[in-house]
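Fold and geometry: a report
Residues per chain, in single letters:
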Amino acid sequence: IIVRENAKPSEFVAWVNAMQEVCEGTRWGIPCIVASNSKNESSDIRYDASQETNKFTTFPGTLGLAASRNMDTIEKFAKIVHDEFYVSNIRKGYMYMADCATDPRWFRTFGTFGEHPDLICDIMPRVIKGIQGETLDENGVAVTTKHFPGGGARENGFDPHYAEGKYNCYNTPGSMDTYHIPAFKASIAAGTSSIMPYYAIPSNKKSGFPQNGVDKFDEEIAFAYNDQFINGFLRNDLGFDGIVNSDTGVMGNCAWGAEMYNQAGRAARILHAGTDMVSGENDPAPFVEAVTKGYIDQETFDQAAARLLTELFRLGLFENPYADENAADAVIN
């Protein structure tokens with residue numbers, strides 16, 4: 001479950017605890033996990049006397065943190081993010097962006113740690129370990145590093161939330177290897193629990209080769225559907241064995257390159273590619289149809305389920321999915 005509201009921690013805890021109680025009464029008793037986008041950076045710059053609305057401790061944005069080049073501050077930031085998410089019973093974060101901002105026109109640059117791959121590679125392990133711990137366990141908050149294989153390779157600065165920006169363009173040979181992949185290697189080495197692919201499509205026509213050891217991309221389809229990028233580059237080459245969590249809406253308006261498939265066909269293509277979870281989809285019917293009609297084999301389906309369950313076990317949610325509502329507000333801000 002992803003939560004986007006801005007509430008007091010005690011309100012989050014009451015809400016999550018209520019859902020966990022419902023989950024505990026279901027057939028398998030599988031707990032839910034509540035995720036949130038980042039809550040600890042300044043999102044609304046205020047130049048007047050109006051009250052700050054953020055209930056969580058507010059740091060500068062990620063771009064400001066990177067500009068400080070102060071690793072002590074970044075580690076403090078990560079610890080506070082952990083403490084405030086954990087006490088709120090939000091046990092997973094859709095954060096942070098390991099994207100290297102190579103096009104200054106991209107409107108999501110503000111959410112990155114900048115344009116220098118070495119700096120991003122220094123920051124990401126500190127953030128991941130500060131939030132998850134050295135290894136993810138019952139005291140940790142799971143991190144979702146995004147957006148593989150790097151969202152900064154934009155065409156004219158346009159973003160793949162919209163059709164105009166659906167292509168990742170690697171204008172010079174080796175630019176994927178030099179700028180975009182290194183931070184994901186560093187994040188995997190730091191133990192990130194989950195990685196989120198971007199909506200975009202790799203473009204053969206608009207890229208210079210070689211890129212990541214290949215002279216052509218096998219298929220021009222969004223990364224969550226892309227076997228070469230997920231099973232190939234991410235899992236086989238980089239050794240990532242955690243959850244691959246699609247971005248929200250990849251089966252809907254942002255199904256770039258997969259427009260010809262129905263919903264069950266899209267579900268099958270996503271799972272075949274090595275993506276385990278589709279964010280923003282609340283209807284299991286396309287996934288059930290993909291299995292019952294033989295679009296996807298049971299083994300692939302079970303492998304995705306196993307990765308999702310493993311994270312729940314590592315976080316200790318089967319043992320105790322609840323948090324103390326009375327203690328939450330005292331820790332925050």
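Residue numbers restart at each chain and count upward from 1, following the sequence in its written direction. The predicted origin of the model limits local features to residues at a pLDDT of at least 70 and limits the giving and counting of side-chain atom pairs to 80 or more, whereas totals for whole chains, interfaces and linings rest on all residues. As a rule here, side-chain values come from all non-hydrogen atoms in the structure, and water together with hydrogens is ignored.

**Structural notes on the packing of helix H3 (residues 71-87) against helix H4 (residues 117-132)**
Interhelical geometry of H3 versus H4 gives an angle of 35° and a closest axis separation of 8 Å. The handedness of the crossing between H3 and H4 is right-handed. In this structure, H3 contributes Met71, Ile74, Glu75, Ala78, Lys79, Val81 and His82 to the contact, and H4 contributes Leu119, Asp122, Ile123, Arg126, Val127, Gly130 and Ile131. A class-by-class count of the residues in the contact of H3 with H4 yields 8 nonpolar, 2 polar and 4 charged. Note on geometry: axes are C-alpha line fits, over the in-contact stretch for helices, and angles between N-to-C directions span 0 to 180 degrees. Only DSSP runs of H or I reaching four residues or more are called helices, and only runs of E reaching two or more are called strands; each is numbered from the N terminus. By definition, any crossing whose near helix is turned counterclockwise from its far helix by less than a right angle is left-handed, and any crossing with a clockwise turn is right-handed. Contacts are residue-level and defined by heavy atoms, with any inter-residue pair within 4.5 Å sufficient. Classification convention: Asp, Glu, Lys, Arg as charged; Ala, Val, Leu, Ile, Met, Phe, Trp, Tyr, Cys, Pro as nonpolar; all other residues, Gly among them, as polar.

**Looking at the side chain of Lys92**
Mapped onto the secondary structure, Lys92 falls in strand E3 (residues 92-94). At 2.7 Å, the side chain of Lys92 forms a polar contact with the side chain of Glu311. When near neighbours in sequence (up to four residues on either side) are disregarded, Lys92 contacts Ile33, Val34, Ala35, Ser36, Phe85, Val141, Ala142, Thr144, Ser194, Ile243, Asn245 and Glu311. Any pair of N or O atoms that falls within 3.5 Å is considered a polar contact. Within protein, one atom must be able to donate a hydrogen and the other to accept it, and sequence-neighbouring residues count only if both atoms are side-chain atoms.

**Examining the packing of helix H8 (residues 263-272) against helix H9 (residues 285-292)**
Between H8 and H9, the least distance of the axes is 8 Å, while the angle of their chain directions is 75°. Accordingly, the angle class assigned to the pair H8 and H9 is roughly perpendicular. Note on element contacts: H9 touches H8 through Pro286, Phe287, Glu289 and Ala290, opposite Gln263, Ala264, Ala267, Ala268 and Leu271. Classifying every residue of the contact of H8 with H9 gives 7 nonpolar, 1 polar and 1 charged. In these notes the angle categories are as follows: under 35 degrees is roughly parallel, over 145 is roughly antiparallel, 65 to 115 is roughly perpendicular, and the rest is oblique.

**Details of the packing of aromatic side chains**
Only the six-membered ring of Trp is used, alongside the rings of Phe and Tyr, when aromatic pairs are assigned; centres must lie within 6.5 Å, and planes under 30 degrees apart are stacked while those over 60 apart are edge-to-face, with the rest tilted. Counting across every chain of the model gives 14 aromatic pairs. Relative to Phe184, the ring of Phe148 lies with its centre 5.4 Å away and its plane at 90°, an arrangement referred to as edge-to-face. Of this pair, Phe148 sits in strand E4 (residues 142-148) while Phe184 sits in helix H6 (residues 182-189), and the two are 36 residues apart along the sequence. Neither residue differs from the other here; Phe148 and Phe184 are each classed as buried. Geometrically, a charge over a ring is one whose NZ (Lys) or CZ (Arg) sits within 6 Å of the ring centre while staying within 35 degrees of the ring normal. Stacked on the ring of Phe56, the Lys or Arg Lys39 has its end atom at 5.8 Å from the ring centre. Note on exposure labels: buried denotes an accessible area under 20% of the residue type's maximum, exposed denotes more than 50%, and partly exposed covers the range between, all computed with a 1.4 Å probe on protein chains only.

**Observations concerning H6**
Burial within H6 is extensive, with 6 of its 8 residues counted as buried. By the burial criterion, the buried members of H6 are Pro182, Ala183, Phe184, Ala186, Ser187 and Ile188. Buried-residue contacts for H6 involve H4, E4, helix H5 (175-180), strand E6 (194-197) and helix H7 (227-237). The first or second residue beyond H6 is Gly191, which carries a positive phi of 95°.

**Remarks on the nonpolar core**
Definition used in this section: a nonpolar core is a set of buried Ala, Val, Leu, Ile, Met, Phe, Trp, Tyr and Cys residues joined via side-chain atoms within 4.5 Å. Counting residues in each nonpolar core, the largest one holds 65 residues, and the members touching the most others are Tyr96, Phe113, Ile123, Ile131, Phe148 and Leu234. Looking at this core element by element, the count peaks at 8 residues for H3. Not counting residues up to four positions away in its chain, the partners in contact with Leu234 are Phe148, Ile188, Ile195, Phe229, Gly239, Phe240 and Val244. Formed by 17 residues, the second largest nonpolar core is a distinct cluster that contains Ile221, Val250, Ala268 and Leu271.

**Topic: the sheet that holds E6**
Note on sheets: strands pair through backbone hydrogen bonds, and any given pair is parallel or antiparallel. Whether two strands pair comes down to DSSP finding at least two bridges between them. With parallel pairing, 6 strands are arranged side by side in an open sheet as E1-E2-E3-E4-E6-E8. The open sheet is flanked by strand E1 (2-3) and strand E8 (243-244), the only strands paired with a single partner. Sheet analysis places E6 next to E8, joined by 2 bridges and oriented parallel. Paired with Ile195 across the bridge in E8 is Val244.

**Topic: the pairing of E4**
Burial runs high along E4: 7 of the 7 residues are buried. Pairing geometry for E3 and E4, over 2 bridges, is parallel. Bridge assignment links Lys92 to a residue of E4, and that residue is Ala142. A crossover links E3 with its parallel partner E4, the connecting element being H4, and its sense is right-handed. Here E4 pairs with E6 via 4 bridges, running parallel. Among the inter-strand pairings, Lys146 is bridged to a residue of E6, identified as Met196. Orienting the strands away from the viewer, one traces the path from the first strand over the helix to the second; a clockwise path indicates a right-handed crossover.

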